[in-house]
Amino acid sequence: MVKKQTGKKKAAAAVPAKSAAKKKTAGGSRKKVKVAPVADTALTLENVRENVRCRVCRVVDGYRAKESNCRFCGAKLFKEDVV
Ligand SMILES: [Zn+2]
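Residues numbered from 1 in each chain as written. Predicted model: local features only at pLDDT ≥ 70, side-chain atom pairs only at ≥ 80, totals over all residues.

On to the overall build of the protein. The secondary structure content of the protein amounts to two helices and two strands. Tracing the protein from N to C terminus, the helices and strands come up as α-α-β-β. Looking at the protein residue by residue over its 83 residues, the buried ones come to 5%. Sequence-distant contacts, at least 24 apart, represent 19% of the contacts inside the protein between residues at least 6 apart. (Helix = DSSP H or I, 4+ residues; strand = E, 2+ residues; numbered from the N terminus. Buried ≥ 20, exposed ≤ 12 C-beta atoms within 10 Å, placed from the backbone. Contact = placed C-beta atoms within 7 Å.)

Here it is as C-alpha cells:
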C-alpha cells in the first residue's frame, strides 16, 4: 500500500516539470539569451570588489565601494585593510 502512494506522488510531480522544461528549451535555443550575463559583468566602479579584512572578526571578504561595514560583525571597514 505504501509503495502505491509514493508512486503516485512521483508521477504527479514529474508531469508539470516536463512541460516547463519543454517551454524553456524551446525559447532558450535562440541567441538572444546571451545579452543578460554581459550586463552583469560590466566593470563599473560600483561593481568592483576588493578583499578587505575586518579589524574586529578578521574575516576577509569582497566588498564594493558602497559597503563600509563588515557583513559578519557589522564593524566599520577601512581602505587600508584591503588585502
Ligand atoms: Zn567583522
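Burial analysis of strand S2 (residues 60–64) places just zero of its five residues in the buried class, which makes it a mostly uncovered element. Pairing analysis gives five bridges linking strand S1 (residues 49–53) to S2, with the strands arranged antiparallel. Considered in S2, the bridge of Arg 49 is made with Arg 64. Taking the residues between adjacent antiparallel strands as the criterion, S1 and S2 are bridged by six residues, where Arg 58 takes a positive phi near 65 degrees. (Pairing = 2+ DSSP bridges.)

The backbone phi angle of Arg 58 is positive, close to 65 degrees, even though this residue is not glycine. Within the fold, Arg 58 resides in the loop between S1 and S2. Its 10 C-beta neighbours within 10 Å are what place Arg 58 among the exposed residues.

To continue, consider the environment of Phe 72. You can see Phe 72 is positioned in the segment after S2. For the pair Phe 72 and Val 59, spaced 13 residues apart in sequence, the C-alpha to C-alpha distance is 7.8 Å. Those residues within four positions of Phe 72 in sequence are excluded, and the remaining contacts are Cys 54, Cys 57 and Val 59.

Relative to the assigned elements, Ala 65 resides in the segment after S2. Each C-alpha atom of the pair Ala 65 and Arg 49 lies 7.2 Å from the other, and the pair is 16 residues apart in sequence.

As for its placement among the helices and strands, Lys 76 is situated in the segment after S2. Since 10 C-beta atoms lie within 10 Å of it, Lys 76 is described here as exposed. When the C-alpha positions of Lys 76 and Arg 55 are compared, they lie 8.2 Å apart, and in sequence the two are 21 residues distant. Not counting residues up to four positions away in its chain, the partners in contact with Lys 76 are Ser 68 and Asn 69.

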